[in-house]
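# Fold and geometry: a report
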Amino acid sequence: MLEIQASQTSAFGGPGAGLGDGMSPAAAMARTSSAGSLSGDVVVGADAVPQQQQQQQQHQQQQPHHQQTGEILAEFVLPTLQPRTRPAGLQPVPGHAAADERGAAPAPGAQSARAFRKQASLDASIAALTGGLPPVVLARRWPAASTTCRRWRWQPFTNSARTDSLALGHWSSDPNEADSRFAAQGVQAQVMRFTDEEYDTHLKDPAWSKEDTEHLFALCRELELRFYVIADRFEGSTPRTIEDLKDRYYSVSRALVAARHGAQDPQGKLMTAKYAYDKTREIERRRIIEKLLSRTPEQIEEEEILMHELKKRAASEESWNRERELILRSLMNNELPPQTAVPLVPLSTDPRKKRRPLRGDETPMMAQGVDAIRRRNRDREVDDSPLRKEKLPCGAFLRTSRIQPIKISLQTRATALLDEYRIGARPNMPTAAVCAKFDEVRQLAVALLETKKLVDKAEHELKVAHIRRKTLKDDLAGGRKPAAAAGPALSAPLAGKRPLVSPPVQREHKRARN
Amino acid sequence: MVVFGGDEVSALVLDVGSRLTKAGYAGEDMPKGVFSSLVGTIPASGADMDVDVDAGAGPRAIRQGGDAAAGGAAAAASAPAAKPRRFVGDTEIFRWREGLELRSPLEDGVVSDWDALEALWDHVYARALRAEPTEHPLLFCEPSWNPREKREKLCELAFEKYQVPAFYLGRSAVLSAFAAGKPSALVVDSGAAFTSVVPVYDGYVLKKAIRRAPLGGDFVSDQIRMTLENLGVELVPQFMVASKMPVDPQAPPSFVRAERPNTTKSFTEFGMEQLLQEFKETIVQIAESRFDEKSYRKRPQRSFEFPNGFNRPFGLDRFKCVEGLFNPQYALTRPGAEPIQTTITRLIAECTGECDFDLRSTMINNIVLTGGNSLLPGFADRLYTELHLALPGARVKVHAAGGPLERRFGPWIGGSILASLGSFHQLWISKQQYEEMGPSVEKRIH
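In what follows, the accompanying structure is described. Note that the structure is predicted; figures quoted are calculated from it, not measured. (Residues numbered from 1 in each chain as written. Chains lettered and ligands numbered in written order. Predicted model: local features only at pLDDT ≥ 70, side-chain atom pairs only at ≥ 80, totals over all residues. Heavy atoms only, no water.)

Along chain A, the regular secondary structure elements total 20 helices and 2 strands. The burial tally for chain A puts 27% of its 514 residues in the buried class. Accessible area of chain A: about 35,700 Å², with a carbon and sulfur share of 57%. (Helix = DSSP H or I, 4+ residues; strand = E, 2+ residues; numbered from the N terminus. Buried < 20%, exposed > 50% of the residue type's maximum accessible area, 1.4 Å probe, protein only. Areas by Shrake-Rupley, 256 points an atom, 1.4 Å probe, with all protein chains shown as cover.)

Written as structure tokens, this is what we have:
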């Protein structure tokens with residue numbers, strides 16, 4: 001703000017600019033304000049006044065349009081200065097004035113006139129300082145405040161929510177204040193009252209005496225049906241639980257409503273509903289809460305673990321479902337939309353069915369569906385191509401690239417075996433059927449080699465066993481002790497390994513021989 | 001200060017605690033008069049003659065105030081020669097005087113010495129607030145377990161002796177809960193004499209579940225004192241020291257003992273308490289987590305200079321001496337004294353166990369910590385840690401006011417809020433009601 005003011009001043013080339021040449025805007029501002037508070041920093045003496053005025057006049061002559069700004073100045077700046085122009089009657093006491101004017105302490109009579117003159121000159125000098133421009137911050141002329149204001153009195157007041165006439169005092173602007181404005185907050189709970197007669201005819205209960213009932217109702221009224229507190233404060237003939245108290249209160253209220261309104265009255269029904277209370281249910285609820293709150297830390301921990309597990313499962317269920325769908329679709333050869341119901345062709349009509357036993361890991365339903373698709377495929381395509389089973393990559397690809405590779409350990413021997421039968425590395429005519437057959441042959445060759453390996457191993461073991469048997473026999477015959485070290489060490493691992501020869505391999509072996 | 005829903009009736013709020021008496025105008029944020037609750041007396045005897053002018057200023061001022069206030073007070077004070085001399089207020093009792101006996105009007109939080117209470121009450125009106133008792137309704141903070149006869153006596157005192165226009169007894173736990181802005185809370189008030197755990201439901205105390213134990217500031221002071229004695233530190237209160245010379249740490253002190261003949265035991269204890277109070281405020285800290293000597297030994301040491309000039313650093317003992325609040329096995333006991341077996345955590349667990357099942361989670365969720373003893377550094381953190389371990393599965397929330405003044409003056413601030421509310425006008429017990437019902441009017445205050 002100050003910078004703006006300074007630049008404006010210098011732009012107009014006013015006397016303020018000259019004064020502010022060697023002065024920072026902030027310092028200028030500070031001086032302006034100190035001049036206003038009569039400290040006499042800027043205006044040192046009376047002789048300074050004509051010079052300033054002269055400057056101003058000169059300035060106005062030079063730039064006529066400043067006449068206008070001068071008026072604005074009067075509008076905006078002078079009001080802010082006005083409070084400082086003390087009327088003669090309100091001159092400060094001499095001591096204060098002396099302090100104000102830094103030691104210059106003239107006689108009290110002459111002082112007022114001089115001070116006033118000085119004040120007038122001040123205004124002019126400030127106008128000169130600001131360059132005759134209005135300040136950026138506009139001093140608003142506030143509308144004159146109304147002369148009358150509300151009278152606040154310390155006056156006593158009463159509160160109609162009280163039963164007595166206690167008059168407390170407070171500050172108030174309203175002389176005829178009738179009632180405390182907080183009286184409306186004194187709402188009390190509606191608790192029914194009963195007469196002795198009503199008690200005798202309707203409300204008798206073997207578990208409750210009349211005194212206890214009355215004590216309960218008094219507490220309900222005073223504590224406004226806060227039953228936790230009522231249960232705390234209840235001092236009857238016998239200790240009672242909060243359920244007992246609630247049950248008594250609500251049953252008495254219900255009985256009173258029924259007695260007063262009759263059972264059929266709609267309002268009575270409404271009120272009876274208001275006083276509904278089921279004690280057994282509350283006790284059951286309490287029992288459950290008690291159980292919940294009396295869990296041991298271990299139980300809480302276990303529960304947390306279970307909850308966590310459940311959440312994890314719920315989260316993974318979706319992905320699990322998606323995977324299942326995917327598998328199913330790949331089984332269905334990607335040709336059927338997943339929603340399409342597969343027509344269930346009676347299995348007996350299919351002559352080839354008997355050749356195709358159910359695989360163990362397929363459910364009958366799945367097998368049916370897959371069979372149906374396969375049957376349809378077989379009509380157009382080669383029977384049972386292994387390529388069919390896998391998901392085809394998108395785009396063009398060489399069919400030979402889909403041929404399953406041979407295990408590296410068996411590669412040389414398999415190639416040698418295939419060479420023996422004059423089967424090359426690739427089929428000469430790679431149609432789907434040929435490729436499938438080719439692949440099958442290769443896999444069978446591998447299977448054959450693997451089986452051969454197993455057979456060799458088994459034969460070797462047999463041989464070893466024979467030798468051992470023979471040596472043992474010899475030992476027995478010769479009366480020597482058996483060499484324990486070699487025997488079990490050899491036989492035990494072999495015995496363990498034998499079942500590892502997996503059934504599928506054996507089956508493959510048979511098929512290969514066929 | 002603008003209070004929402006407020007309507008000032010220029011009520012006074014008075015809270016007489018075990019250590020401090022707080023008095024001030026309702027609607028203000030801090031009490032105007034805070035002074036020690038101890039009342040000093042010098043038995044009326046020959047010693048009366050050489051008491052200096054300064055000492056007489058207190059009782060005389062009270063007498064003047066009492067004259068203006070009530071006839072009863074004037075009558076009681078009209079024969080000063082026969083009565084023991086009485087000293088109230090910090091400027092009076094902190095000065096050593098020959099044969100000055102100090103006593104608290106409270107015992108177990110409940111008023112037992114009514115003369116001393118009246119002396120405090122007089123001091124509030126005559127000197128601390130300079131107010132006319134007949135012009136201001138009075139809200140008096142009482143302990144939550146205040147028995148009926150004491151409440152009746154309080155009503156009687158207020159209406160008969162001081163002629164207050166309206167009176168109310170606010171239970172300190174309820175007021176502390178209000179100061180924290182909660183109508184329902186579990187108020188853990190760790191004051192000078194004891195720590196109390198009070199459940200507050202909807203502005204009412206549930207009396208049957210209140211639990212308290214002498215685990216307050218005095219207990220801590222005693223623990224510190226025993227720790228220092230075990231370390232071989234000679235405790236000399238400030239008033240026994242005439243002059244001292246600076247010495248190196250751990251070096252024997254060099255000081256001149258002041259001549260204080262006929263010092264009473266209670267005044268020595270009071271001087272000792274001031275020393276320990278300073279020690280508490282500067283050195284002592286509560287372990288934030290479970291205390292184990294190994295890890296807390298590494299904490300930085302702090303040095304303390306005793307009034308006699310002896311100074312030494314304190315390391316592990318800073319934590320160990322207050323561990324008895326949460327861990328009874330670290331509590332030191334004087335020979336022959338019964339050890340305190342409970343802890344603050346156990347008090348809270350017992351109290352919540354006593355509450356209705358439906359209220360338990362509310363209570364544990366709204367624990368309000370207040371009282372001067374809770375200002376020991378680390379108190380709130382430790383309480384939270386302990387509660388977390390003691391109440392598994394519960395959502396523990398401890399509300400502890402940040403400023404030390406809010407916690408020291410918790411009940412008073414709550415009373416100030418309550419008494420300045422417009423809706424509270426209906427709850428005042430008026431003089432008229434007292435005249436109708438007599439002292440049993442206290443039944444109307446729940």
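All names here are of chain B. Pairing is antiparallel across the open sheet formed by 3 strands, whose spatial order is β5-β4-β6. The sheet is open, and its two edges are formed by β5 (85-88) and β6 (101-103), each paired on a single side. Direction aside, neighbouring strands of the sheet carry axes that sit 25° apart on average. Here strand β4 (residues 39-42) runs beside β5; their pairing, made up of 4 bridges, is antiparallel. Paired with Thr 41 across the strands is Arg 86, a residue of β5. Across the sheet, helix α4 (residues 114-128) is in contact with β4 and β5; its angle to β5 comes to roughly 55°. (Pairing = 2+ DSSP bridges. Axes fitted to C-alpha atoms, helices over the stretch in contact; angles between N-to-C directions. Contact = heavy atoms within 4.5 Å.)

Residues and elements named next belong to chain B. The biggest cluster of nonpolar side chains holds 54 residues, and the ones touching the most others in it are Leu 117, Trp 121, Phe 140, Phe 167 and Trp 428. The set of elements that each furnish at least two residues to this core consists of β1 (12-16), β2 (20-25), α4, β9 (138-142), α5 (148-161), β10 (166-171) and α15 (410-419). Looking at this core, the element that brings in the most residues is α4, giving 8 residues. (Core = buried A, V, L, I, M, F, W, Y, C linked by side-chain atoms within 4.5 Å.)

This part covers the interface of chain A and chain B. The interface is formed by 35 residues belonging to chain A together with 35 residues belonging to chain B. Between chain A and chain B lies a buried interface of about 3,000 Å² when both sides are counted; carbon and sulfur atoms form 54% of it. The largest contributions to the chain A side of the interface with chain B come from Phe 182, Tyr 228 and Arg 233 of chain A, which together make up 21% of the buried area. For the interface between chain A and chain B, the tally reads 3 salt bridges. (Buried area = accessible area lost by both parts, 1.4 Å probe. Salt bridge = Lys/Arg side-chain N within 4 Å of Asp/Glu carboxyl O.)

Our focus in this paragraph is the sheet that holds β2 of chain B. All names here are of chain B. Here we have 6 strands laid out as an open sheet, ordered β3-β2-β1-β9-β10-β21, and mixed in their pairing. Looking at strand neighbours, the two that pair on one side only are β3 (33-36) and β21 (429-430), the edges of this open sheet. Where β1 meets β9, 4 bridges bridge the pair, whose relative direction is parallel. Among the inter-strand pairings, Asp 15 is bridged to a residue of β9, identified as Cys 141. Each of β1, β2, β3, β9 and β10 is contacted by α4, which is oriented at about 145° to β3, the strand it contacts most. In this fold α15 packs onto β1, β2 and β9, with an angle of close to 155° to the strand it touches most, β1.

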